[in-house]
Amino acid sequence: MLIDSHCHLASHKFEPSEREGIVHRASLAGVKKIVSLATCLEDIADNLTIADIFPGVGICVGIHPCDVHNAPDNAVEVIKPFANDRRVVGIGETGLDYYHPAPEGWSEEDFRQRQKNFLQQHFLLAARSGLGVVIHTRDRSGCQSFDDAREIYQRHADKVRALFHCFIGSRENAEKVISLGGLVSFGGVTTFKSARDVLAVASGLPLGTFLLETDSPYLAPVPHRGQRNEPAYVAHTCACIAAARGESFDDLAAHTSQAALEFFPRLAEL
Ligand SMILES: [Zn+2]
């Protein structure tokens, strides 16, 4: 069994009428469980509906760092009741994005500060609800957003596990997350010829410390690079990392699925 630990089934890039085919193709590819993440308040209802319709789909609720300026100040308070829903398996997508420029009317500093405030609030909600936090970080260069997010995680690591998704950082940074009890996850970038260093990081980490994901509809793995991504394609990422590690596809699929179910315990019941 494979698990796509990160995708956005409610994205406008997927027509509602396509969802059945997407989940069916995933199942045919061995992807029996899918985690679909909300990125804003408006996204939550759609994601809950998807989880209702399709067995094996769990959702996460959160405000994406690129969306914090559109969200009300009390957005995390609004999310709070959803954390008790059986279909909600984690808190996110939250995090820090220093790649995209601050929106109009915002200074870079104020925008980053709001992202940090929201991230902090997501951790507090996760701690109250016993769920893990799914974190996005992105920089133009360097790893300042990662460093800042890891530092915030460190303050909560005794109560909460964090998953640094779509990880493209160094082995040293992956190990910093793992040493706090967190996980990283690898997506389609791992299969890109231009990202051999990411594949090398994925090859070197111990089993049980990382998950697989698509981040679909974005970042499709080879041989679908440049096309719209979907959960079935996590199989390509699994094959690529398994080959680089010298392990069988089935072994890597089993270990990453086990780690995903430990991070998202409610997913096992869906
Ligand atoms: Zn995402």
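Above this text you will find the structure in question.
Each value, and the rule that gives it
Residues numbered from 1 in each chain as written. Predicted model: local features only at pLDDT ≥ 70, side-chain atom pairs only at ≥ 80, totals over all residues. Heavy atoms only, no water. Donors = N, O, S within 2.8 Å, 3.2 Å for Na, K, Ca; no water. Helix = DSSP H or I, 4+ residues; strand = E, 2+ residues; numbered from the N terminus. Buried < 20%, exposed > 50% of the residue type's maximum accessible area, 1.4 Å probe, protein only. Core = buried A, V, L, I, M, F, W, Y, C linked by side-chain atoms within 4.5 Å. Pairing = 2+ DSSP bridges. Right-handed = clockwise from strand over helix to strand, strands pointing away. 1 Å grid on protein atoms, 1.4 Å probe; cavity = no way out; pocket = protein on both sides within 12 Å on 5 of 7 lines; lining within 4 Å. Points joined across faces, edges and corners; volume = space filled by probe spheres on them. Disulfide = S-S within 2.5 Å.

**Student:** I'm lost on the coordination of the zinc ion in this one. Help?
**Tutor:** Ideal values differ by geometry: the angle at a metal is 109.5 degrees with four tetrahedral donors, but 90 or 180 degrees with six octahedral donors. On the protein side, the zinc ion has His6 (NE2), His8 (NE2), Glu93 (OE) and Asp215 (OD) as donor atoms, found 2.1 to 2.6 Å from it. Along the chain, the residues donating to the zinc ion fall in the pattern H-x1-H-x84-E-x121-D. A residue pair is termed long-range when its members are at least 10 positions apart, and His6 in strand β1 (residues 2-7) and Asp215 in the loop between β8 (210-212) and α8 (234-245) qualify at 209 residues. There is no split in this pair, since His6 and Asp215 are both buried.

**Student:** Got a minute to help me understand the nonpolar core in this structure?
**Tutor:** In globular proteins that are soluble, nonpolar side chains generally tend to be buried together. Residues Phe123, Phe164, Val184 and Phe186 are the most contacted members of the largest nonpolar core, which totals 71 residues. Membership of the second largest hydrophobic core comes to 15 residues, among which are Cys60, Leu163, Ala260 and Leu270.

**Student:** Honestly, the pairing of strand β2 (residues 31-37) in this entry has me stumped. Any pointers?
**Tutor:** Successive residues of a regular strand alternate their side chains across the two faces of the sheet. Along β2, six of the seven residues are buried, which leaves the element largely enclosed by surrounding structure. Where β1 and β2 come together, four bridges link them in parallel fashion. Across the sheet, the residue bridging to Ile3 is Lys33, located in β2. A crossover links β1 with its parallel partner β2, the connecting element being helix α1 (residues 19-28), and its sense is right-handed. Handedness of the crossover joining β2 and strand β3 (residues 57-61) through helix α2 (residues 41-53) is recorded here as right-handed.

**Student:** Is there a simple way to explain the layout of surface pockets in this structure?
**Tutor:** Left-over empty space is what a probe sized like a water molecule reveals as it rolls over the atoms. When its volume is computed, the largest pocket comes out at roughly 900 Å³. In terms of lining, the largest pocket is formed by 35 residues, of which the most central are Asp97, His136, Arg138, His165 and Asp215. Elements that contribute at least two residues to the lining of the largest pocket include exactly β4 (88-97), β5 (132-138) and α5 (144-156). Per element, the largest residue contribution to the lining of the largest pocket is four residues, and it comes from β5.

**Student:** I keep staring at the state of the cysteines and nothing clicks. Help me out?
**Tutor:** Should the sulfur atoms of two cysteines be covalently bonded, the bond is a disulfide. Inspection of every chain in the model, using the stated rule, returns zero disulfides. You can see Cys7 has no disulfide; the closest cysteine sulfur is in Cys60, sitting 9.8 Å from it.

**Student:** Is there a simple way to explain the pairing of strand β7 (residues 183-186) in this structure?
**Tutor:** Here β7 shows two buried faces, one formed by Leu183 and Ser185 and the other by Val184 and Phe186. Bridge count between strand β6 (residues 162-164) and β7: two bridges; the pairing is parallel. Considered in β7, the bridge of Phe164 is made with Val184. Chirality of the crossover, the property in question, places the unit of β6, helix α6 (residues 171-179) and β7 among those that are right-handed. Sheet topology places β7 next to β8; three bridges connect them, and they run parallel. Bridge pairing in β8 places Ser185 opposite Leu211. Regarding topology, helix α7 (residues 196-204) serves as the crossover connection from β7 to the parallel β8, and that connection is right-handed.

**Student:** Is there a simple way to think about unusual backbone geometry in this case?
**Tutor:** With glycine set apart, most residues show a phi of negative sign, and most peptide bonds adopt trans. For the peptide bond that leads from Ser216 to Pro217, omega is 15 degrees, which places it in the cis range. With respect to the element layout, Pro217 can be found in the loop between β8 and α8. Cis rather than trans, the peptide bond between Val222 and Pro223 has omega equal to 10 degrees. By secondary structure assignment, the location of Pro223 is in the loop between β8 and α8. Of note in the backbone geometry, Cys166 takes a positive phi value of approximately 50 degrees without being a glycine.

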